[in-house]
Structures are given as C-alpha cells and as structure tokens.
Amino acid sequence: MNSMIFQTGGDWDSTSLFNNGQEVMAAQLYVELHAGRDGWGDPDRGGIYAGGDISAFVRTQDSPDEEWGIFPGRLELDFPGHTLVLENTHPAFDFECTRLLYNGQDVTSNVVDLVVNIDADNNIVQAYITLYKPHWLTADEVATYTII
C-alpha cells in the first residue's frame, strides 16, 4: 500500500515526492476526482458518497510513459497555505471508501472536483478544489479554491 507525501514551497527546487519513506523522482503527479453531481452533471450535495470517479497516478523520470497508480493508499499534498489528504485503503479501491481532508477539515461529503497536475516535464503546475456548500435558509453555493 502506498503512503505518498508531496511537498512544495511553490518552486521546483522545493518540490519533493516520497512513497513509504523513499524519494520518488517523479516526472508527473496527477490526481483528478469528480463527485457530488446530480443526474444532469450539476454540483449537488453528497460529495464522494453520491458517487463519482478518480484518476490518480505518478509517472517517474525513469519511465515517463508508464503510469503507476497511487491507490489503494494515502496521498498527502502540502502546498503553501493548503494541505490535502486523500485516502482510499480499500483493497479493491471502492470509490465510496475514499476520504478527503482539506486544511484539516473532512470535505468528503462536499467535494465536487479536485485536480492536481504537477508535471515537471511540461512545466505544468495546477491544483484546485471545488466544494459544494449546502445552506438551510439561503441558496446553496459552489466554491472553487485555487491551491497553486
């Protein structure tokens, strides 16, 4: 089972990826999660519990054409001002067993989108999270937070 820790201070020299305590010389770290949508594809309450899909892999510098799956396992992402923990330890990777923490808060039932694409080969750095916030007396809202 993978236990990955990604850290960056905001530039390539401060960026590292470790798996089970060993440094991984990665060409790309990619995570794309979509959840919490109604029958028309619009954001809705429920997050991961409402179903969805995830793609999460690493491509190493030694084998940049091969994708290596992250899950089942745990992925910690530490960006300046933002911390994410994505975990799914189910042996068959049941999507509904995925848990997501954002800055210490469990957002498993509120997540709509999570995209992290750290691609050193193509100099791409992208990360954002979209959360659904239901309200009792006022209109529900959807908020997207740029991570980096």
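Everything that follows concerns the structure shown earlier in this document.
Note that the structure is a prediction, hence the values are computed from the model and not measured.

### Concerning the sheet that holds strand 10 (residues 105-106)
By definition, the strands of a sheet pair up through backbone hydrogen bonds, in either a parallel or an antiparallel sense.
1) Next: The seven strands lie next to each other as 3-2-1-7-8-9-10, forming an open sheet whose pairing is mixed. Of all strands in the sheet, those with a lone pairing partner are strand 3 (22-23) and strand 10, marking the two edges.
2) Next: By the bridge criterion, six bridges tie strand 1 (residues 2-7) to strand 7 (residues 73-79) in an arrangement that is parallel. Residue pairing across strands places Asn-2 opposite Gly-73, the latter belonging to strand 7.

### Notes on the nonpolar core
1) Next: Among the nonpolar cores identified, the biggest contains 31 residues, and Leu-33, Ile-70, Phe-79, Leu-84, Leu-114 and Ile-129 are the most heavily contacted of them.
2) Next: Secondary-structure elements contributing two or more residues to this core are strand 1, strand 4 (26-35), strand 5 (52-60), strand 7, strand 8 (82-88), strand 9 (99-102), strand 11 (111-119) and strand 12 (124-133).
3) Next: Once you skip the residues sitting within four places of it in the chain, Leu-114 turns out to touch Val-31, Glu-32, Leu-33, Leu-84, Leu-86, Leu-100, Tyr-128 and Ile-129.

### A look at the pairing of strand 7
1) Next: Only one face of strand 7 is covered, namely the one carrying Gly-73, Leu-75, Leu-77 and Phe-79; the face carrying Arg-74, Glu-76 and Asp-78 has none of its residues buried.
2) Next: For strand 7 and strand 8, the ladder comprises seven bridges, and the chain directions are antiparallel. By the bridge assignment for strand 8, Arg-74 is matched with Glu-87.
3) Next: The hairpin turn running from strand 7 into strand 8, its antiparallel successor, is two residues long, and Gly-81 in that turn takes a positive phi close to 85°.

### What about the pattern of salt bridges?
1) Next: As enumerated under the stated definition, the model contains four salt bridges in all.
2) Next: Of the charged contacts in the structure, one is a salt bridge between Asp-113 and Arg-37, with a shortest N-O distance of 3.0 Å. You can see Asp-113 sitting in strand 11 and its partner Arg-37 sitting in the loop between strand 4 and strand 5, a full 76 residues away along the chain.
3) Next: On the basis of relative accessibility, which here comes to 10%, the residue Asp-113 falls in the buried class.
4) Next: Here Asp-119 makes a salt bridge to Arg-59, at a shortest N to O gap of 3.8 Å. Here Asp-119, found in strand 11, pairs with Arg-59, found in strand 5; they are 60 residues apart in sequence, far enough to count as distant.

What counts, and where the lines are drawn
Residues numbered from 1 in each chain as written. Predicted model: local features only at pLDDT ≥ 70, side-chain atom pairs only at ≥ 80, totals over all residues. Heavy atoms only, no water. Pairing = 2+ DSSP bridges. Helix = DSSP H or I, 4+ residues; strand = E, 2+ residues; numbered from the N terminus. Core = buried A, V, L, I, M, F, W, Y, C linked by side-chain atoms within 4.5 Å. Buried < 20%, exposed > 50% of the residue type's maximum accessible area, 1.4 Å probe, protein only. Contact = heavy atoms within 4.5 Å. Salt bridge = Lys/Arg side-chain N within 4 Å of Asp/Glu carboxyl O.

What is shown is where atoms sit, not what they do.
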